[in-house]
Amino acid sequence: MAGTGARWMPLALCLAVAVSAGGTGEQLHVCKESEYHYEYTACDSSGSRWRVAVPHTPGLCTGLPDPVRGTECSFSCKAGEFLEMQTQTCRPCAAGTYSLGTGVRFDEWDEVPHGFANVATNLEVDDGFGDAAENCTASTWVPLGDYVASNTDECTATLMYAVSLKQSGTVTFEYIYPDSSIVFEFFVQNDQCQPTVEESRWMRTTEKGWEFHSVDLSRGNNVLYWRTTAFSVWSKVPKPVLVRNIGITGVAFTSECFPCKPGTFAPTAGSTTCQPCPANTFSGKGATVCQPCDTDTYAEPGLGSCKLRPPCTDKDFFYTHTACDANGETQLMYKWAEPKICSEELPQAARLPPSGVKTRCPPCNPGFAKGNGSTCQPCPYGFYSNGSACLSCPEGTEPALGLEYKWWNVLPPNMETTVLSGINFEYKGIAGWEVAGDYIYTAAGASDSDFMILTLMVPGFSPPSPVLEDTESREVARITFVFETLCSVGCELYFMVGVNSHTNTPVETWTGSTGKQSYTYLVEKNATMSFTWAFQRTPYHEAGRRFTSDVAKLYSINVTNVQGGVASFCRRCAPQPTGSCAPCSPGSAVDPSSGTCQPCPPGTYLRAHPSDGTPTCHPCGPGTRSNQLRTLCYNNCSLALPLPGQILHFEFPSLGMGAGVGTRPSFSSKGLRYSHHFRLSLCGHQGRKMASCADNVTAGQGGPARVVTSYVCQAILVPPDITGARAAVSSQPVSLGDHLLGVTTSSVLDSIVSPPELFPPGHPDLPDIIFFFRSNDMTQPCSSGRATTIRLRCDPLHLGTGTLSVPSKCPEGTCDGCTFHFLWVTAEGCPRCSSSHHRPIVGACIGGVQKTTYVWREPRLCHGGDALPPQVIQACRSVDFWLKVGISTGTCVAVLLATLAAYFWKKTQKLEYKYSKLVMDAAARESEATSPDSCAIMEGEDAEDELLFATEMSLFGKLKALTAKVRDGIEGMETTLE
């Protein structure tokens, strides 16, 4: 019932007003549509609401339409539409208006919009000598038309806005944060005053004008905070933070569209935003088109009115020089400052001086010389120049690389210039500095408060000696420039330094006029550096150009130890050089003892690249050999690697020079699908690199294509359905391996590790052959350059190029971004087959024929080389023949043995009988003297008549007795014979 009462309360109020008015006796007319409007009641607990009619002025009419059920509380229209309350449907916004659908936008800051709160506090503790809070009363955010600016003192200024969202939404805004002397934060709190989890609470300083920022909002109450606190640096006032175009989505519906503000327009219906008017046009509020200014007036982009053009003065033009022509001459040219807002037709207006006066071109800068044409070209490495001609450094010296600019005929390619608006901090795309022969100076900007920007980019440094962290002086390089400022008011020249494309940090500031002087800054970090000069004539914005004659001039800039720089002189190499000194001919190095150049011995090579350190002779890695010039080590895949128990010999006939291609499957990153494309070349003749990766994206856009040739290279492939091209395009080619370090079965070489656990294990008896490569392309994360390991694994089933794979744990081929790992499985990686890789199988003898067949040992771990021997067929005798021969021989031997046994048995019987007789005769002679002496068998006696033993004995006893009798008989016979 409480919800019902709240829902009908507006209607009850309307009826009460009508009744009280009727009570006065006046007759009220029926309300017209122009006398009332529709509103929604508050949502009840079920998410429902009612549409009721509310008169503009209560008591003037009667007969309002009855309440009807409204749309759901979560209902909203799309951006560019509004809710028409009469029909409760969404309609597109008319031309000249816009809407955000479920959002609101704050883009007009003539005053702080309704709903915003401005709070100022002081972080310092009150010391009792004054009211600290009162000192910060005026330190608030200040509206300045198109944007709101923060405070610049040491108070904390907070801009707050509370909003209740019907659904999840976002808050977006654009900001300028040019000065790190101010701490700028943006965060959101819910209705329990708890901050939301947002990593981007602390805003980053901006460099390229307005930056866009977006944060998600939750349903319900949200409080938005923009907070700044300034800190004094060099006792100067910092530049304020600027915020504009605050947009919030997720709020309740909008029942009307917002008209475009002056200076903008919306040409079509259903617009979600208004476009700014171009230069020299204007518009009023709710405009559908912009009107051109009269010829005697002008307007800057986005202005709602035109201004009269002032007469041109000598402050509205500047001079510059053209590039040298074929005759070595340059022309002095005068140009109007852009945008041109003055008129030449007014009385006493200055005219543009005539251009075209020719003068001789200045000489080339040190380290440069004129080529075939009239342009100055950098001298190659090992040469130096004072600007006239490139000369080779004498033996025993090295070029002192750097950058030196003291002649300003054209802007060097590694420098750029622009203009940053001092009003809205947008880049205007015009030159802020112009060349003038022997100096470069600041040109006229659109306003005296503009910043004239000049930036010099340096890719990195190569100091002659290593810089140690624990030393007192950590100088990597230094930049020295000669400058001068000529000012009539409080101009400022800023010198800023950026590291690795991060925010520029001011390191020095000069105010007002300064005499011609020199300034030196020491670089203590080897990284990509940017040096920026910014000149502002006055921080106060006024129409026109009053202080164009206030200029800053740079006469010369000198940067030492620049990687890839040029040399203006050569320096003597130290007896034990520690830098990139390469004074000798290719393949020779300085002997530390004598200081003379000596050729490197065979099996060594000269490290001549600056990133490799001392240019001395280094031994070639395992499995490689040096070329004739001793400048590199190579492997032409005809090497022999001794391993335990075998010799591995590699050849790649099916791969040519060992070139292979592997492509990673596509994957998605922020909606863009792409894949990594690798090209590998294990082998080459005399170190020739066969893998090549090209940038055909740059080539397709008309620019020069970048081609990388190395042993291993990588490119990014973008599918054709993303780019709209007929075929996939590649970009960003990089080298992953410039030179071969060695070929070995060890997992570590020259501090490069190829973990075996990254890939499935191979055969235990045949380890992988690992090719180690290194690239000299150094980056900030890879200070020693990139490295690549390629495991060559034997698999006779993978013929031809085989398969190339990357670790499953590192799908991009690298786990740390610096070392890449590949597994190349191919039959070409197997040892050449020999007699040790096969074995014979001897067949049975069938029909007098026997066959011997040769087969590969399993598993087969060889490829190519010697083929299997042919089958051998030879005559043989069968088993039946030898069986018959054996049986016959055995039978004969058995018969012979039996015959011999019978013969000796018979002989033994006779001998036993004679011995028995002899014993009996000897006994008889002892007992009877007349016993006969003869022991022979008498006539008529039978050898078997009388037995020697009267009693029976056992077989063992018989044999024993027989043996004794035989021995005694033999002895007796010997006695008788004597």
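The numbers attached to residues start from 1 for each chain and follow its sequence in the written order. Totals for whole chains, interfaces and linings use every residue, but because this is a predicted model, local features are given only for residues with pLDDT of at least 70 and side-chain atom pairs only at 80 or more, for both listing and counting. The side-chain quantities take in all heavy atoms of the structure and omit both hydrogens and water.

Focus: the overall build of the protein
Here is step 1: Think of it this way: any DSSP run of H or I at least four residues long counts as a helix, any run of E at least two long counts as a strand, and we number them from the N terminus. Helix and strand content of the protein: six helices and 69 strands.
Here is step 2: For every residue, the accessible area obtained with a 1.4 Å probe (protein chains only) is divided by the maximum for its type, and the residue is called buried under 20%, exposed over 50%, and partly exposed between those limits. The proportion of buried residues among the 978 residues of the protein is 40%.
Here is step 3: Any two residues whose heavy atoms approach within 4.5 Å are treated as being in contact. Intrachain contacts of the protein at a sequence separation of at least 6 include 64% that bridge at least 24 residues.
Here is step 4: Under the convention used here, a 1.4 Å probe and the Shrake-Rupley method define accessible areas, while residue burial counts only the protein chains that appear. Only carbon and sulfur atoms are counted for the fraction: they give 56% of the accessible area of the protein, which is about 52400 Å².

Some points on the pairing of strand E37 (residues 451-458)
Here is step 1: Counting buried residues along E37, seven of its eight residues qualify, which places the element largely inside the surrounding structure.
Here is step 2: Bridge analysis of strand E34 (residues 415-420) against E37 gives six bridges, and the strand direction is antiparallel. Residue leucine 420 lies in a different strand from E37, and its bridge partner there is phenylalanine 451.
Here is step 3: If DSSP finds at least two bridges between two strands, the strands pair. Alignment of E37 against strand E42 (residues 529-536), held across eight bridges, turns out to be antiparallel. Opposite valine 458, over in E42, you have methionine 529 as the bridge partner.

Side note on the UniProt feature "transmembrane region" (unreviewed entry) in the protein
Here is step 1: UniProt positions are given in the numbering used here, feature names are shortened, and annotations may be inferred rather than shown by experiment. The UniProt entry lists residues 881-905 under the feature "transmembrane region" (unreviewed entry), expressed in the numbering used here.
Here is step 2: Secondary structure within residues 881-905 divides into 100% helix and 0% strand; the distance between the first and last C-alpha atoms comes to 37 Å.

Quick notes on the side chain of serine 530
Here is step 1: Position of serine 530 relative to the elements: it lies in strand E42.
Here is step 2: Ignoring anything within four residues of it in the chain, the contact list for serine 530 reads Thr455, Leu456, Met457, Met496, Val497, Gly498 and Asn504.

A few points about the sheet that holds strand E69 (residues 872-875)
Here is step 1: Taken in spatial order, the three strands of this open sheet run E67-E68-E69, and their pairing is antiparallel. Unpaired on one side and paired on the other, strand E67 (838-842) and E69 mark the two borders of the sheet. Strand-to-strand twist across the sheet, computed as the mean angle between neighbouring axes with direction ignored, equals 25°.
Here is step 2: Looking at chain direction, E67 and strand E68 (residues 849-856) are connected through five bridges and run antiparallel. Following the sheet pairing, valine 842 is matched in E68 by threonine 852. Under this scheme, a helix contributes an axis fitted over its contacting stretch, all axes are lines through C-alpha atoms, and angles between N-to-C directions fall in the 0 to 180 degree range.

Topic: the state of the cysteines
Note on terminology: a disulfide is the covalent bond linking the sulfur atoms of two cysteines.
Here is step 1: What counts as a disulfide here is a pair of cysteine sulfur atoms lying within 2.5 Å. One pass over the full model with this rule turns up 17 disulfides.
Here is step 2: One disulfide bridge connects cysteine 312 with cysteine 342, the sulfur atoms lying 2.1 Å from each other. Between cysteine 312 and cysteine 342, the disulfide has an S-S torsion of 85° and is therefore right-handed. Placement of cysteine 312 in the loop between strand E25 (307-308) and strand E26 (317-321) and of cysteine 342 in the loop between strand E27 (329-336) and strand E28 (357-360) is noted, with a sequence separation of 30 residues between them.

Side note on the nonpolar core
Here is step 1: In terms of nonpolar packing, the biggest core is built from 38 residues, with Leu456, Phe531, Trp533 and Ile557 touching the most fellow members.
Here is step 2: If we ignore the near neighbours within four places in the chain, the residues touching tryptophan 533 are Trp433, Met452, Ile453, Leu454, Leu456, Ile479, Phe481, Leu493, Tyr494, Phe495, Leu554 and Ile557.
Here is step 3: We define the nonpolar core as a collection of buried residues of types Ala, Val, Leu, Ile, Met, Phe, Trp, Tyr and Cys that are connected through side-chain atoms lying within 4.5 Å of one another. Phe116, Val163, Phe184 and Phe186 belong to the second largest nonpolar core, which has 29 residues in total.

Points about the sheet that holds E34
Here is step 1: Taken in spatial order, the five strands of this open sheet run E34-E37-E42-E39-E40, and their pairing is antiparallel. Every other strand in the sheet has two partners, leaving E34 and strand E40 (505-511) as the edge strands with one partner each. Within the sheet, the average angular offset between the axes of one strand and its neighbour, ignoring direction, is 20°.

Focus on the pattern of salt bridges
Here is step 1: Salt-bridge detection follows one rule: a side-chain nitrogen of Lys or Arg within 4 Å of a carboxyl oxygen of Asp or Glu. The final tally for this structure, using the stated rule, is nine salt bridges.
Here is step 2: Of the charged contacts, one joins glutamate 174 and arginine 244 as a salt bridge, the two residues approaching to 3.1 Å between their closest N and O atoms. Taken together, the positions of glutamate 174 in strand E14 (residues 169-176) and arginine 244 in strand E18 (residues 242-249) put the pair 70 residues apart, joining distant regions of the chain.
Here is step 3: Connected through shared salt-bridge partners, Asp768, Arg791 and Arg793 make up one network.

Things to note about the packing of aromatic side chains
Here is step 1: Geometry of aromatic contacts follows a simple scheme: Phe, Tyr and Trp rings, the Trp one being its six-membered ring, pair when their centres are within 6.5 Å, and the pair is stacked under 30 degrees between planes, edge-to-face over 60, tilted otherwise. Here the structure, examined in full by the defined rule, presents 36 aromatic pairs.
Here is step 2: Here phenylalanine 481 and tryptophan 533 contribute two aromatic rings whose centre-to-centre distance is 5.4 Å and whose plane-to-plane angle is 90°, an arrangement assigned as edge-to-face. Taken together, the residues phenylalanine 481 in strand E38 (residues 477-486) and tryptophan 533 in strand E42 connect sequence positions 52 residues apart.
Here is step 3: On the basis of an interplanar angle of 50° and a centroid distance of 4.6 Å, the ring pair of phenylalanine 483 and tryptophan 510 is categorised as tilted. With phenylalanine 483 in strand E38 and tryptophan 510 in strand E40, this residue pair connects regions lying 27 residues apart in the sequence. Per residue, the accessibility class of phenylalanine 483 equals that of tryptophan 510, and both read buried.
Here is step 4: Feature note: the residues Phe106, Trp109, Phe116, Trp141, Tyr161, Phe173, Tyr175, Tyr177, Phe184, Phe186 and Trp226 constitute an aromatic cluster, connected by ring pairs.
Here is step 5: Criterion for a charge above a ring: Lys NZ or Arg CZ within 6 Å of the ring centre, and within 35 degrees of the ring normal. One Lys or Arg, lysine 516, reaches over the ring of tyrosine 555 and ends 4.0 Å from the middle of that ring.

Let's talk about unusual backbone geometry
Here is step 1: A cis amide bond links glutamate 338 to the next residue, proline 339, at an omega of -5°.
Here is step 2: Examined against the element boundaries, proline 339 turns out to sit in the loop between E27 and E28.
Here is step 3: Put simply, glutamate 858 and proline 859 share a cis peptide bond, and its omega is -5°.
Here is step 4: Of note in this structure, glutamine 88 is not a glycine but carries a positive phi near 55°.
Here is step 5: On the secondary structure map, glutamine 88 appears in the loop between strand E6 (81-84) and strand E7 (89-92).
Here is step 6: Residue glutamine 88 is classed as buried on the basis of its relative accessible area, which comes to 16%.
Here is step 7: The backbone of serine 751 sits at a positive phi, close to 65°, despite the residue not being glycine.
Here is step 8: The class for serine 751 is exposed, based on a relative accessible area of 72%.

Quick word on the pairing of E68
Here is step 1: Hairpin geometry of E67 and E68 is characterised by an intervening segment of six residues between the two adjacent antiparallel strands and by a positive phi of about 65° at glycine 847.
Here is step 2: Sheet topology note: the E68/E69 ladder contains four bridges and is antiparallel. Residue pairing across strands places valine 849 opposite alanine 875, the latter belonging to E69.

Some remarks on the environment of alanine 269
Here is step 1: Relative to the helices and strands, alanine 269 is located in the loop between strand E20 (264-265) and strand E21 (275-276).
Here is step 2: A relative accessible area of 54% places alanine 269 in the exposed class.
Here is step 3: The sequence separation of alanine 269 and alanine 95 amounts to 174 residues, and the corresponding C-alpha distance is 4.4 Å.

Side note on a nonpolar patch on the surface
Here is step 1: A patch is a set of surface residues, each over 30% in relative accessible area and not in a salt bridge, joined within 9 Å for like charges and within 5 Å for the nonpolar side chains Val, Leu, Ile, Met, Phe, Trp and Tyr. A surface patch of nonpolar side chains, about 620 Å² in accessible area, is lined by Val893, Leu896, Leu897, Leu900, Tyr903 and Phe904.
Here is step 2: Within the secondary structure, leucine 897 is located in helix H5 (residues 879-927).

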